[in-house]
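Letter by letter, the chains look like this.
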Amino acid sequence: MKTVLEYYDIYPKILCTEKTAVITIRALGTHAAFDIGKKHRARIIPMNETLINIPQREYYMVEAFHTGNGVQFAWCFPSEQQYVIIVQEKEGEEWKNRCELRVYAVKPDYFRLRPYRGDMHCHTCRSDGKEGPEIVAANYRKAGFDFLCITDHGKYEPSLEAIHAFEPLDLSFHLFSGEEVHPPKNNCHSIHFGGDYSVNEIFRQDPERYEKEVDIIEAGLDIPQGLNKREYASLLWVYREIRKANGMAVMAHPCWIQEDAYHIRRDMYQYLLQMQPFDALELTCGQSIEENQLQISLWQQMREEGHAVPIVGSSDSHGTVNSEWFGLSKMIVLAEDCSRERLIDAVKKRQTAVLEQYDGEKSPRVYGENRTVEYVLFLLQEYMPLHDELCFEEGRLMKEYACGNEEAGRLLVQISKRTEALFDKYWQKDFTD
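Being a predicted model, the structure only gives us computed values, none of them experimental. Numbering of residues begins from 1 in every chain and follows the order in which that chain's sequence is written. With pLDDT at 70 or above as the cut-off, local features in this predicted model cover only qualifying residues; side-chain atom pairs require 80 or more to be listed or tallied, and sums for whole chains, interfaces and linings still use all residues. Note that the side-chain values use all heavy atoms of the structure and ignore hydrogens as well as water.

1. A look at the overall build of the protein chain
Counted only if it meets this: What counts as a helix is a DSSP run of H or I of at least four residues, what counts as a strand is a run of E of at least two, and both are numbered from the N terminus. We take the radius of gyration over the C-alpha atoms and set the globule estimate at 2.2 Å times the residue count to the 0.38 power. When a residue's accessible area, from a 1.4 Å probe over protein chains only, is under 20% of the maximum for its type it is buried; when over 50% it is exposed; and in between it is partly exposed. Here a residue-residue contact requires only that any non-hydrogen atoms of the pair lie within 4.5 Å. Using a 1.4 Å probe, the Shrake-Rupley method yields the accessible areas, and only the shown protein chains count as cover for residues. We count Lys and Arg on the positive side and Asp and Glu on the negative side, and we leave His and both chain ends out. Charge placement uses NZ in Lys and CZ in Arg. For Asp and Glu, CG and CD serve respectively.
For the protein chain, the helix and strand inventory stands at 14 helices and 21 strands. Relative to a compact globule of 433 residues, whose C-alpha radius of gyration would be 22 Å, the protein chain shows 24 Å and is just as compact. Based on the C-alpha atoms only, the size of the protein chain along its principal axes is roughly 85 × 55 × 40 Å. Scored against the burial criterion, the 433 residues of the protein chain give a buried share of 54%. The contacts of the protein chain with a sequence gap of at least 6 include a subset with a gap of at least 24, amounting to 70%. Of the roughly 19000 Å² of accessible surface on the protein chain, 48% is carried by carbon and sulfur atoms. Distance from the positive charge centre (50 side chains) to the negative charge centre (69 side chains) of the protein chain: 4 Å.

Below, the structure written as structure tokens:
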């Protein structure tokens, strides 16, 4: 966490453009306390404007008033961008900088949204992962995640196992149903996020239905020569069935090197991006930087050619304790709430930022729409570290509760809404104009 956030708190941090906000800056300890015997003011610098080229450097200035152990000022932030707030203190005839903080103003459409960090692709010991569903869930919350979808290979039930483990507690951490779908005679895997029932179970229970329906789809296809018609028809069937279950269909790890070859043929990957029969592409996941960069490169090329595909970032983690892939890839979804419907809607509207960060790297690479990326980069520095401190303790108690400690459950109920309270604190609520 940035040192200044340990010394000072500024709220709200997220503001609505063209609405006057009352900004409070509070000292966190006597070492940071403001001298009430001195005058203070706020210097407001809009980071996307070219004030650096103005000789007079006439940034916005507003008087700040003392309140308790902090200072306060009101200002209307006119445009969507990040603003630097420098609190200055008057000593004699000079103004000296006391602290530098940051806020972000967004237009009303984005102001309605909240950032949710999530993963839609991970495994437990119910397939080829290491820990049980309830422990995987606890460790994700401990790492600062707001939602998780467990997607064991060919199995829907483990995701329900995690949901049921914490159902009595009404947590702010959201667990969703899911599975990794492995259709017969088709090497391409798909992620089924949030559906009401298992798609894998359909072709397990009624393989003849699957074959007949894929036959019909295949017979009606007119696709480029050289592509595997049966494979493509099978994928269309999978995507259709996931949507019928009210889930979201995600194309998984297309450039994963599986037995010395890429998971999906390059021409098939390109055709899928062009036609977009799925809902979202897993842009990065827990694999090598080579594999992820290949996925990103073709996605970027297809965008240039007019095919803007929604993206998600997931870890495909097979363990959450000293695991190579856990946390490597994830995403932040900007949605009105953390329900299944809102998350799916936000992904489809491309309101996601995908984060990729390998062990030892100081900061993640962030992919997505420029507007979203710029906003999320601010959140990663100014908001998420405070959010993650709260999640850590919740995750620790979730693990204790899952292991039979009832007292941990009672404590969880007491603290489980703190991240929601953090939203309320840092998002502007009352407009003064």
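What follows picks up the thread again.
2. Quick notes on the pattern of salt bridges
Using the following cut-off: Definition used for salt bridges: Asp or Glu carboxyl oxygen within 4 Å of a side-chain nitrogen of Lys or Arg.
Applying the stated criterion across every chain yields a total of 40 salt bridges. The salt bridge involving Arg243 is made with Asp279; its shortest N-O contact spans 2.9 Å. With a gap of 36 residues between them, Arg243 in helix α7 (residues 229–244) and Asp279 in the loop between α8 (266–275) and β17 (280–284) connect regions that are remote in the sequence. Ionic contacts of the salt-bridge type, sharing partners, join the residues Asp35, Lys38, Glu89, Glu91, Lys96 and Arg98 into one network.

3. Quick look at the packing of aromatic side chains
Aromatic ring pairs are defined here through the distance separating the ring centres and the angle between the ring planes. Stated precisely, the cut-off is as follows: Ring geometry is summarised as follows: Phe, Tyr and Trp rings, the Trp one being its six-membered ring, pair when their centres sit within 6.5 Å, and such pairs are stacked at plane angles under 30 degrees, edge-to-face over 60 and tilted between the two. Here, a charge over a ring means that NZ of Lys or CZ of Arg falls within 6 Å of the ring centre while also lying within 35 degrees of the ring normal.
All told, the structure shown has 21 aromatic pairs when counted by the stated rule. Ring geometry for Tyr110 and Tyr375: centres 6.2 Å apart, planes at 40 degrees, overall tilted. On the criterion of sequence distance, the pair formed by Tyr110 in helix α2 (residues 108–111) and Tyr375 in helix α11 (residues 370–382) is long-range, its members being 265 residues apart. Classification of Tyr110 by relative accessible area gives buried; the value is 6%. The class of Tyr375 is buried, set by a relative accessible area of 1%. With a centroid separation of 6.2 Å and an interplanar angle of 35 degrees, the aromatic rings of Phe166 and Tyr401 are classed as tilted. Remark: Tyr401 occurs in helix α12 (residues 384–402) and Phe166 occurs in helix α4 (residues 157–166); sequence separation between them is 235 residues. No difference in accessibility class separates Phe166 from Tyr401, as the two residues are buried. The aromatic ring of Tyr262 is capped on one face by Arg266, whose charged end is 4.9 Å from the ring centroid. The ring of Tyr110 is capped by Arg371, whose NZ or CZ atom sits 3.8 Å from the centre of that ring.

4. Overview of unusual backbone geometry
Omega for the peptide link from Tyr11 to Pro12 comes to -5 degrees, which places this bond in the cis form. You can see Pro12 is positioned in the loop between β1 (8–11) and β2 (14–16). A positive phi angle, close to 50 degrees, is found at Asp170, a residue other than glycine. Mapping Asp170 onto the fold places it in the loop between α4 and β11 (174–176).

5. Regarding the environment of Arg209
Looking at where Arg209 falls in the secondary structure, it is placed in helix α6 (residues 207–219). The exposure class of Arg209 is partly exposed, given its relative accessible area of 25%. If sequence neighbours within four positions are ignored, Arg209 has contacts with Ile202, Glu241 and Lys244.

6. A look at the nonpolar core
Across soluble globular proteins, nonpolar side chains have a tendency to be buried as a group. Stated formally: What is meant by a nonpolar core is a set of buried Ala, Val, Leu, Ile, Met, Phe, Trp, Tyr and Cys residues, joined one to another through side-chain atoms within 4.5 Å.
In terms of nonpolar packing, the biggest core is built from 46 residues, with Ile14, Phe147, Tyr375 and Trp427 touching the most fellow members. Here the element with the most residues in this core is α11; it accounts for six residues. Leave out the neighbours within four places in its chain, and Tyr375 touches Ile14, Tyr104, Val106, Tyr110, Leu334 and Trp427. Among the nonpolar cores identified, the runner-up in size contains 38 residues, and Val199, Val214, Ala233 and Tyr271 belong to it.

7. Re the packing of α12 against helix α13 (residues 406–415)
For clarity, the cut-off: Note on geometry: axes are lines fitted to C-alpha atoms, helical ones only across the stretch in contact, with angles between N-to-C directions running from 0 to 180 degrees. When an angle is under 35 degrees it counts as roughly parallel; over 145 it counts as roughly antiparallel; between 65 and 115 it counts as roughly perpendicular; any other value is oblique. Here a crossing is taken to be left-handed if its near helix is turned anticlockwise relative to the far helix by less than a right angle, and right-handed if that turn runs clockwise. Under this grouping Gly is polar, as are all residues other than the nonpolar Ala, Val, Leu, Ile, Met, Phe, Trp, Tyr, Cys and Pro and the charged Asp, Glu, Lys and Arg.
Axis separation between α12 and α13 bottoms out at 8 Å; the angle between their running directions is 150 degrees. When the axes of α12 and α13 are compared, the pair comes out roughly antiparallel. Classified by chirality, the crossing of α13 by α12 is left-handed. Of the residues in α13, those in contact with Glu393, Glu394, Leu397, Met398, Glu400 and Tyr401 of α12 are Glu406, Ala408, Gly409, Leu411, Leu412 and Ile415. Tallied by class, residues from the contact of α12 with α13 come to seven nonpolar, one polar and four charged.

8. Quick look at the packing of α8 against helix α9 (residues 289–304)
For the pair α8 and α9, the least separation of the axes is 10 Å and the interaxial angle reads 45 degrees. When the axis of α8 is compared with that of α9, the two are oblique. Handedness of the crossing formed by α8 with α9: right-handed. Residues Arg266, Tyr269, Gln270, Leu273 and Gln274 of α8 form the contact with α9, whose participating residues are Leu294, Gln295, Leu298, Trp299, Gln301 and Met302. Of the residues contributing to the contact of α8 with α9, the split by class is six nonpolar, four polar and one charged.

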